[in-house]
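One-letter residues, chain by chain:
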Amino acid sequence: MRPTQASFPATRLRRARQTAPIRALTRENTLSVDDFIWPVFVRSGEGIEEPIPSMPGVFRRSVDKIVDAARDAADLGIPAICIFPYTGLEERTEDCAGAWDPDNHANRAIRAIKAAVPDIAIMTDVALDTYNINGHDGFVENGEIVNDRTVEALVKMTLAQAEAGADIIGPSDMMDGRIGAMRSALEGAGHQNTMILSYSAKYASGFYGPFRDAVGASGALTGDKKTYQMDPANSDEALRLIERDLREGADMVMVKPGLPYLDICRRVKDTFGAPTYAYQVSGEYSMIQAAAQQGWIDGDKVMMESLMAFKRAGCDGILTYFAPAAARLLAEK
Ligand code: PBG
């Protein structure tokens, strides 16, 4: 739809930009704290807040410190937190049994946050990479990342997280058939209110580099994830994946990474109208932070501009490491 306009000088588009109140009145999109899901990293120990060198301003926290972080986030009005475990090489095994251990760091963090900060929604990560000796999201058999056996493990992982009190299950593994299997297992176990936010269109991206440091997977990963994550050259395939996940019972869908894939966000929102989220991933975050630290860009300005871009592209929300900083800036205004 293109609005009909008189020609110049009857129409002067600059009239709508002349003052702050006029700009506010004609603004098409808004960014609010309600749009944020904050990804955080949990590790073993107590009283630990360990900086992640490749992600300035991001920490690995022990469970007690994650609870403090969740409380700060809730106080800022951030609606959801997403928990990723950091696991050292010594905590990783070929059978990935840690993934569905009810007492792994992630599940302990879920319980602790639920008890202390009931006002924040908790999202999880479902994939084997943080428990796998070789860093892959699925089991590896003779060099192949096998699908169906992995889905069985992901279902066990999902149930352990739901049992711990997770509100939103976040499968990031890209195996086929996992959403349907998780949904029916959740229904069968009495978790009919537990939601699924599927990482439906997740690309095999170079932008995940700092995250793999953060979770301890960089040293572990053998090879790449191209046999399960998407080819950055594809767009129609993203729509097929989203449609499939919605048909299998996903409540919400995600495009990942974020800024380089805004075209996908827009197509997904226009095609399905489902709750659509983007993940502004670690590499996107660290590029902005690094340039800001050098004084090459205004960090706050670029942060807010990058977050608004997701709203403009049709997203209902954004997973972003900037969530607390952006929430603070929004609260000041
Ligand atoms: C893996 C997972 C990844 C991220 C979230 N879940 C990395 C990967 O697929 O290797 C990346 C997040 C980020 O880069 O911020 N299950």
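Keep in mind that this is a model prediction, so the values were computed, not measured.

> With reference to specific residues and values, describe the pairing of strand β1 (residues 36-43).
With respect to burial, β1 is a largely interior element, 8 of its 8 residues being buried. Across the two faces of β1 the burial is the same, with F36, W38, V40 and V42 and I37, P39, F41 and R43 all buried. Two elements, β1 and strand β12 (residues 317-320), share 2 bridges in a ladder whose sense is parallel. Its bridge partner lying in β12, F36 is registered against I318. Two elements, β1 and strand β4 (residues 80-85), share 6 bridges in a ladder whose sense is parallel. Note that in β4 the partner of V40 across the bridge is I83. Direction of pairing for β1 relative to strand β3 (residues 59-62): parallel, over a ladder of 3 bridges. Residue F41 lies in a different strand from β3, and its bridge partner there is R60.

> Lay out the packing of helix α5 (residues 178-188) against helix α7 (residues 236-248) with the relevant residues and their values.
Relative orientation of the contacting elements α5 and α7 amounts to 15°, with a least axis distance of 8 Å. By the angle between their directions, the pair α5 and α7 is classed as roughly parallel. For the pair α5 and α7, the sense of crossing is right-handed. Along the contact surface, α5 presents R178, I179, G180 and R183, while α7 presents R244, D245 and E248.

> Any details on helix α10 (residues 299-312)? Residues and values, ideally.
Between the first and last C-alpha of α10 there are 20 Å, a value that for 14 residues agrees with the 20 Å anticipated at 1.5 Å per step. Buried within α10 we find G299, M303, M304, S306, L307, A309, F310 and K311. The elements touched by buried residues of α10 are β1, α8 (262-272), β11 (276-280), α9 (282-293), β12 and α11 (323-332). For α10, the N-terminal capping position is held by D298, with its side-chain oxygen 3.2 Å away from the main-chain nitrogen of D300. Trailing α10 by a residue or two, G314 shows a phi angle of about 105°, which is positive.

> Requested: an account of the site of the ligand, with residues and values cited.
S172, R212, K256, S282 and Y321 are the nearest of the 17 residues found near the ligand. Here an oxygen atom of the ligand sits 2.7 Å away from a polar atom, N or O, in the side chain of S282. Here an oxygen atom of the ligand sits 2.6 Å away from a polar atom, N or O, in the side chain of Y321. Here the ligand loses 100% of its free accessible area of 400 Å² to cover by the protein chains. For the shell around the ligand, the class distribution of residues is 7 nonpolar, 3 polar and 7 charged.

> Which residues make up the state of the cysteines, and what are the values?
Summed over all chains, the structure comprises 0 disulfides. The cysteine C82 is free of any disulfide, with C315 supplying the nearest cysteine sulfur at 16 Å. Considering cysteine sulfurs only, C82 is the nearest to C96, which forms no disulfide, with 19 Å between them. Judged by relative accessible area, which is 0%, C96 ranks as buried.

> Tell me about the packing of aromatic side chains, residues and numbers included.
Tallied over the full model, the rule gives 10 aromatic pairs. Taking the centre distance of 6.0 Å and the plane angle of 10° together, the rings of F41 and Y321 count as stacked. Placement of F41 in strand β1 and of Y321 in the loop between β12 and α11 is noted, with a sequence separation of 280 residues between them. Overall, the relative accessible area of 6% leaves Y321 in the buried class. Between F84 and F211, the aromatic rings sit 5.1 Å apart at their centres with planes inclined by 85°, giving edge-to-face as the arrangement. Remark: F211 occurs in helix α6 (residues 209-214) and F84 occurs in strand β4; sequence separation between them is 127 residues. On the accessibility criterion, F84 (2% relative accessible area) is buried. The rings of F41, F84, Y199, F211, Y279, Y285, Y321 and F322 are connected pair by pair, giving a single aromatic cluster.

Definitions and cut-offs
Residues numbered from 1 in each chain as written. Predicted model: local features only at pLDDT ≥ 70, side-chain atom pairs only at ≥ 80, totals over all residues. Heavy atoms only, no water. Buried < 20%, exposed > 50% of the residue type's maximum accessible area, 1.4 Å probe, protein only. Helix = DSSP H or I, 4+ residues; strand = E, 2+ residues; numbered from the N terminus. Pairing = 2+ DSSP bridges. Axes fitted to C-alpha atoms, helices over the stretch in contact; angles between N-to-C directions. Parallel < 35°, antiparallel > 145°, perpendicular 65-115°, else oblique. Left-handed = near helix turned anticlockwise from the far one by under 90°. Contact = heavy atoms within 4.5 Å. Expected span 1.5 Å × (residues − 1). Polar contact = N/O pair within 3.5 Å; in protein donor to acceptor, adjacent residues only side chain to side chain. Near = heavy atom within 4 Å. Areas by Shrake-Rupley, 256 points an atom, 1.4 Å probe, with all protein chains shown as cover. Nonpolar A, V, L, I, M, F, W, Y, C, P; charged D, E, K, R; others polar. Disulfide = S-S within 2.5 Å. Phe/Tyr/Trp six-rings, centres within 6.5 Å; stacked < 30°, edge-to-face > 60°.

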